[in-house]
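What follows is each chain in one-letter form.
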Amino acid sequence: MSEKSRRRVLGAAVLAGGGAVLPPGTARAAPGDIPPADRDAPRVTPGDPRYGHLVGRGANRFRGTPDEVRPALTTRQVVRAVQEAVDAGRRPAVRSGGHCFEDFVDHPRVRTLIDLSRMRDVAYDPQRHAFAVEPGATLEEVYRLLHLGWGVTVPGGYCPDVGVGGHVPGGGYGPLCRLHGLVSDHLYAVEVVVVDRAGRARSVVATREPGDPRRELWWAHTGGGGGGFGVVTRYWFRSPGTTAATPPERLLPVPPATALTFRAGWDWRDLDEAAFVRLADNYGRWAERNSAPGSPAAALYAELSLSRPVGGGPSLFGQVTAAGPAAGRLLDDLIGALGAGTARPASFSSREEPWLTATLRGSGENAVGDWRLKIKSAQLRRRFTARQLAAVHRHLTRTDTDAYGSLTLNTYGGRVNALAPGATATARRDAVLKAVFLAGWHDPGHDAAHLAWIREFYRDVYADTGGVPAPGGSGDTGEGGAFINYPDADLADPELNTSGTDWQTLYFGDNAARLRRVKARWDPLDVFRHDLTVPPD
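These numbers come from a predicted model, not from an experiment. (Residues numbered from 1 in each chain as written. Predicted model: local features only at pLDDT ≥ 70, side-chain atom pairs only at ≥ 80, totals over all residues. Heavy atoms only, no water.)

> Would you mind showing me how to read the overall build of the chain here?
Within the chain, the secondary structure is distributed over 14 helices and 15 strands. Here the chain holds 537 residues, and the buried ones make up 61% of them. Accessible surface computed for the chain: about 19800 Å², of which carbon and sulfur atoms make up 52%. Side chains of the chain carry 64 positive and 59 negative charges; the gap between the two charge centres is 3 Å. (Helix = DSSP H or I, 4+ residues; strand = E, 2+ residues; numbered from the N terminus. Buried < 20%, exposed > 50% of the residue type's maximum accessible area, 1.4 Å probe, protein only. Areas by Shrake-Rupley, 256 points an atom, 1.4 Å probe, with all protein chains shown as cover. Lys, Arg positive; Asp, Glu negative; His and termini not counted. Charge placed at Lys NZ, Arg CZ, Asp CG, Glu CD.)

> In this structure, what is going on with the pattern of salt bridges? I would like to understand it.
Two side chains carrying opposite charge are able to pair once their charged atoms lie near each other. On inspection of all chains with the given rule, the structure shows 38 salt bridges. One salt bridge in this structure joins arginine 70 and glutamate 68, with 4.0 Å as the shortest N-O distance. Here arginine 70 falls in the buried class, since its relative accessible area comes to 0%. Judged by relative accessible area, which is 3%, glutamate 68 ranks as buried. (Salt bridge = Lys/Arg side-chain N within 4 Å of Asp/Glu carboxyl O.)

> How do you make sense of the packing of helix H11 (residues 386-396) against helix H12 (residues 447-461) when you look at a structure like this?
Two packed helices can be described by the angle between their axes and the distance between those axes. Running from amino to carboxyl end, H11 crosses H12 at an angle of 165°, the nearest separation of the two axes being 9 Å. Considering the angle they form, H11 stands roughly antiparallel to H12. For the pair H11 and H12, the crossing hand works out as right-handed. Between H11 and H12, the residues in contact are Arg387, Gln388, Ala391, Val392, Arg394, His395 and Leu396 and Trp453, Glu456, Phe457, Asp460 and Val461, respectively. (Axes fitted to C-alpha atoms, helices over the stretch in contact; angles between N-to-C directions. Parallel < 35°, antiparallel > 145°, perpendicular 65-115°, else oblique. Left-handed = near helix turned anticlockwise from the far one by under 90°. Contact = heavy atoms within 4.5 Å.)

> Looking at this model, I keep getting lost on the nonpolar core. Mind explaining?
As a rule of thumb, soluble globular proteins bury nonpolar side chains together. Ranked by internal contacts, the top residues of the largest apolar core, which has 111 residues, are Leu316, Phe384 and Phe437. At 8 residues, helix H8 (residues 273-289) tops the list of elements feeding residues into this core. Setting aside residues no more than four positions away along its own chain, leucine 316 makes contact with Phe262, Arg263, Ala264, Trp266, Tyr283, Ala302, Glu303, Leu304, Leu334, Ile335 and Leu338. (Core = buried A, V, L, I, M, F, W, Y, C linked by side-chain atoms within 4.5 Å.)

> I tried to follow the packing of aromatic side chains on my own but got confused; where do I start?
For any two aromatic rings, the description comes down to two numbers: the centre-to-centre distance and the angle of the planes. Counted by the stated rule, this structure contains 20 aromatic pairs. Residues tyrosine 173 and tyrosine 486 carry aromatic rings whose centres are separated by 6.5 Å and whose planes lie at 90° to one another, so their mutual orientation is edge-to-face. Of this pair, tyrosine 173 sits in the loop between helix H5 (164-167) and helix H6 (177-180) while tyrosine 486 sits in the loop between H12 and helix H13 (503-508), and the two are 313 residues apart along the sequence. For tyrosine 173, a relative accessible area of 6% gives the class buried. A relative accessible area of 17% places tyrosine 486 in the buried class. Linked through ring pairs, Phe384, Phe437, Trp453, Phe457, Tyr458 and Tyr462 together constitute an aromatic cluster. (Phe/Tyr/Trp six-rings, centres within 6.5 Å; stacked < 30°, edge-to-face > 60°.)

> Would you mind showing me how to read the environment of arginine 383 here?
Mapped onto the elements, arginine 383 comes out in the loop between strand S13 (372-380) and H11. We classify arginine 383 as partly exposed; its relative accessible area is 23%. As a C-alpha pair, arginine 383 and threonine 242 span 141 residues in sequence and 36 Å in three-dimensional space. Polar contacts involving the side chain of arginine 383 include one to the side chain of aspartate 281, which spans 2.8 Å. Here glutamate 288 takes part through its side chain, which lies 2.7 Å from a polar atom of the side chain of arginine 383. (Polar contact = N/O pair within 3.5 Å; in protein donor to acceptor, adjacent residues only side chain to side chain.)

And the structure:
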């Protein structure tokens with residue numbers, strides 16, 4: 001993907017004034033205009049010049065045909081759009097950044113699409129002593145404004161054009177998560193448009209305060225997945241342990257001044273099966289040794305991408321945020337561990353640069369363009385077994401298909417694993433790696449071949465646990481379920497999931513029942529639903 005597609009010039013006028021304080025719910029109006037909060041969101045229907053763009057924003061292989069798209073600017077507009085959809089019997093769905101890999105938004109039965117890409121404010125809210133972020137803001141905008149305005153950040157993902165709206169309620173992780181936990185671990189409050197049993201839409205605010213009667217709604221948005229409880233119109237962030245007396249410059253993690261970024265690559269010609277298995281096993285061993293909460297190596301984040309030969313050889317990239325010479329020592333330790341008994345990298349580069357510069361550059365893989373994608377995931381409590389790595393090698397080197405795809409192993413753990421499984425809705429607090437299986441292609445005519453390849457790949461790797469990463473399988477191979485921000489509707493298909501473990505448990509573990517109770521209270525009519533939303537209890 002081109003460098004040009006990765007960069008975006010931010011229009012300061014559409015942001016929060018580069019650090020201006022805006023009261024929650026405030027929207028700007030042009031002189032002499034009707035205040036936006038008093039207008040309905042535009043009703044964009046087929047034939048409107050804006051329609052094609054709005055329905056085509058999804059970064060997946062699906063395209064919906066809703067009766068209307070409502071690009072809202074305020075919470076009040078969202079309430080009205082939801083109410084009108086409920087009254088008319090039109091199924092609604094919500095989109096912020098557009099990076100959902102399934103058809104949760106682009107579903108044939110979704111008739112009203114509520115688009116939040118205009119809601120992008122990032123500001124300090126003195127009333128709640130927290131940073132208020134609207135769901136249409138991208139990670140790039142959030143990182144830039146928080147860091148330049150107050151010197152703080154949230155430990156979110158590499159991909160700078162992901163929208164906050166869907167990133168946060170699935171947990172949200174990235175290069176700083178091993179030091180500071182997940183993005184949702186810093187969520188203080190959430191504003192949600194919900195629909196009650198009488199069919200009435202309204203907005204409510206739920207906080208993590210112990211005495212808040214709406215606290216369970218906040219809890220559901222710390223890992224319960226997006227789009228299933230209501231429409232989030234604002235998040236507030238403040239790290240646990242902070243108070244009203246904490247200055248804004250200390251309410252969220254303070255990133256380092258610099259980051260040591262690195263890239264390494266291997267040539268497939270240097271890797272027979274034994275060398276490949278040893279390389280991946282070495283990486284898993286390093287993760288097992290260096291993923292405990294408080295580990296000095298938590299300052300190192302890496303992604304080992306194992307691609308099919310058509311996509312180039314295996315590669316490693318990431319960043320180290322330790323201070324001074326410690327950063328170089330951590331990186332040397334990782335590279336040395338990877339090369340033990342196997343091929344050394346064919347290429348390697350590293351450089352120290354300002355933290356924000358490194359963060360906005362990210363992985364270089366953010367612009368999905370017109371790629372058709374299928375993604376699967378797993379949480380690894382231990383490294384893959386030798387049998388699993390042999391299966392990985394077999395599917396990456398198959399010659400009976402020209403499918404493009406990869407398996408990426410992301411370092412995990414550290415501070416993420418310091419919380420109890422029930423503290424947030426993110427139940428998996430014991431993983432050391434996160435596995436991401438991906439297939440990508442352009443031609444719709446290649447759908448069947450790529451879907452078959454990735455399904456066979458995943459099923460073979462998890463053959464010991466019913467074709468999915470179900471915990472507690474034969475020999476307890478270290479499976480720890482899946483990650484809801486990489487949604488995979490196949491987990492709900494009994495023909496593809498033969499583990500006896502339902503999809504809710506795979507994603508939410510013991511928190512599934514609690515999420516169903518939250519759903520029953522806050523969305524009793526099941527207005528907000530897709531293939532992987534928990535049903536009302």
